[in-house]
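# Topology and contacts: notes
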Amino acid sequence: MAIPNGDNTQGLYPDAVPVVPDSGLLTGAVWWSRANGFVGSDNADMLTWSNEVDSSRSLTGSTTRPKYRNNNAQNINFNPVVEFTSTTDTLAGAQYFTAPSMLGAANHTQEHLLFVGYPTVRNRTTTLFSESGSGSSFYTHVSWSDGNLYFDPGVPTGNASARSVYSPTRFVNAPSLYAMLNNASSSANLPLAGNHGVRQDGQTKVTSTNVASTTGVNSPFRVGWPTANNTWTGVLAEGMLLLGKQLTPTELGQLESYLGVKYGVTLGATLPRRRAT
């Protein structure tokens, strides 16, 4: 079937057409970047990764650029990816992206982060997504030195009560769809049994009723930022961050279905599908 590529051409999709989320579903979205929205050849340096919902907050590549990869060996279900390979913690040598603050200076009671990708190393202190400053934290560690995945939205910085910890069995060098959800507002119609948690490939892996809102301090939004003498290594294909949205189970299902179809993830199954090489 023919689907639109990020460069306005048509490509082939082996199973079904992934329906791009409409504006209503993406209400509250402050960041949405797709590797197939980047125009370039395989192994190109990525100076900028466009933000599909707010071009003023697109991602800027570091001095040592992350790489755009579009080849049979690395594509996820025919889709290109962004690759981070540097293991140095220096700002000159690490591969990462920065963007203007997504949280701003507001208080957020709902934060939902979805992305498709995988790390290439486990048991190393790394940060994949972050925006933090004095009195504020928003971290996603994929993974940490203990091999676990951490989702840390909340105040104050390092607030363990507003943390989800998950030890994936399918993780390193294995493409997955992650949904990290935080809702500090009371509601009877939540996508999780608790207000806070992590889903992988359409399955809820950890959930908690311990939540906290996050107040931004206008810090930069970072992807792959060097942390504790380590930098993140792995692959990202697509990611989005929604703030201030009461995400219902139906809406979460629609977002996961869009990403699942696009990247060949069988939602609720143990092993997602990936294009053979």
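The sections below set out a description of the structure shown in this document. (Residues numbered from 1 in each chain as written. Predicted model: local features only at pLDDT ≥ 70, side-chain atom pairs only at ≥ 80, totals over all residues. Heavy atoms only, no water.)

Applying the stated rule across the entire model yields nine salt bridges. A salt bridge links Asp 45 to Lys 67; the nearest nitrogen and oxygen atoms lie 2.5 Å apart. You can see Asp 45 sitting in strand β4 (residues 44-45) and its partner Lys 67 sitting in strand β7 (residues 67-69), a full 22 residues away along the chain. According to the relative accessible area criterion, Asp 45 is partly exposed, its value standing at 44%. Residues joined in a network through salt bridges with shared partners are Asp 42, Arg 69 and Glu 83. (Salt bridge = Lys/Arg side-chain N within 4 Å of Asp/Glu carboxyl O. Helix = DSSP H or I, 4+ residues; strand = E, 2+ residues; numbered from the N terminus. Buried < 20%, exposed > 50% of the residue type's maximum accessible area, 1.4 Å probe, protein only.)

Bringing unusual backbone geometry into the picture now. Here the amide bond leading from Val 142 into Ser 143 is cis, since omega sits at 15°, within 30 degrees of zero. Residue position: Ser 143 is located in the loop between β13 (137-142) and β14 (149-154). One non-glycine residue with positive phi stands out, namely Asn 77, at about 50°. Structurally, Asn 77 can be placed in the loop between β7 and β8 (81-84).

Moving on, we get to the packing of aromatic side chains. Tallied over the entire structure, the rule returns twelve aromatic pairs. Geometrically, the ring pair formed by Trp 31 and Phe 221 is tilted, given 5.4 Å between the ring centres and 50° between the ring planes. One end of the pair, Trp 31, is in strand β3 (residues 29-34); the other, Phe 221, is in strand β20 (residues 221-223), and 190 residues separate them in sequence. Taken individually, Trp 31 and Phe 221 each receive the classification buried, so the pair is uniform in this respect. Three or more aromatic residues joined by ring pairs make a cluster, and in this case those are Trp 31, Phe 115, Phe 129, Tyr 178 and Phe 221. Over the aromatic face of Trp 32 sits the side chain of Arg 34, whose NZ or CZ is 4.9 Å from the ring centroid. (Phe/Tyr/Trp six-rings, centres within 6.5 Å; stacked < 30°, edge-to-face > 60°. Lys NZ or Arg CZ within 6 Å of the ring centre and 35° of its normal.)

The strand order β5-β6-β9-β20-β12-β13-β14-β15 describes an open sheet built from eight strands, whose pairing is antiparallel. Of all strands in the sheet, those bounded by a partner on one side alone are β5 (48-49) and β15 (164-166). When strand β9 (residues 97-99) meets β20, the two strands line up antiparallel, connected through three bridges. Its bridge partner being in β20, Thr 98 is matched across the sheet by Arg 222. (Pairing = 2+ DSSP bridges.)

Formed by 34 residues in total, the largest nonpolar core has its most connected members in Phe 115, Phe 129, Phe 221, Val 223, Leu 236 and Leu 241. Looking at this core element by element, the count peaks at three residues for strand β21 (residues 234-243). When sequence neighbours within four positions are dropped, the list of residues in contact with Phe 129 reads Trp 31, Leu 113, Phe 115, Phe 138, Tyr 139, Thr 140, Phe 221, Arg 222, Val 223 and Leu 236. (Core = buried A, V, L, I, M, F, W, Y, C linked by side-chain atoms within 4.5 Å. Contact = heavy atoms within 4.5 Å.)

This part takes up empty space enclosed by the protein. Counted according to the given criterion, the structure contains two cavities of 30 Å³ or more. Taken as a whole, the largest cavity encloses approximately 40 Å³ of empty space. Taken together, His 112, Leu 181, Asn 182, Asn 183, Leu 190, Pro 191, Leu 192, Gly 194, Asn 195 and His 196 make up the lining of the largest cavity. When residues in the lining of the largest cavity are grouped by element, the largest group, three residues, is from strand β16 (residues 176-183). (1 Å grid on protein atoms, 1.4 Å probe; cavity = no way out; pocket = protein on both sides within 12 Å on 5 of 7 lines; lining within 4 Å. Points joined across faces, edges and corners; volume = space filled by probe spheres on them.)

Quick look at the side chain of Asn 75 now. Its place among the elements puts Asn 75 in the loop between β7 and β8. Look at Asn 75 and you get buried, because its relative accessible area is 3%.

Attention now goes to helix α1 (residues 249-263). For an α-helix, the turn length of 3.6 residues means that residues three or four places apart are oriented alike. With 15 residues, α1 should cover 21 Å at 1.5 Å per step; its first-to-last C-alpha distance of 21 Å lies within 8% of that length. Among the residues of α1, Glu 251, Leu 252, Leu 255, Glu 256, Tyr 258, Leu 259, Gly 260, Lys 262 and Tyr 263 are the ones counted as buried. Contacts made by the buried residues of α1 are with β3, β11 (110-119), β16, β17 (196-200) and β21. A positive phi of about 70° marks Gly 264, the residue just after α1. (Expected span 1.5 Å × (residues − 1).)

Moving on, we get to the pairing of β17. When you tally the buried positions in β17, you get five out of five residues, the bulk of the element. Where β16 meets β17, five bridges bridge the pair, whose relative direction is antiparallel. Within the sheet, the bridge partner assigned to Asn 182 lies in β17 and is His 196. Where β17 meets strand β18 (residues 203-208), five bridges bridge the pair, whose relative direction is antiparallel. The residue of β18 that forms the bridge with His 196 is Ser 208. Once β17 ends, the chain turns through two residues before running back antiparallel as β18, passing Asp 201 with a positive phi of about 50°.

The subject of this paragraph is the environment of Phe 151. By the secondary structure assignment, Phe 151 is in strand β14. C-alpha separation for the pair Phe 151 and Gly 197, spaced 46 residues apart in sequence, amounts to 7.9 Å.

Scope: geometric values only; no functional claims are made or implied.
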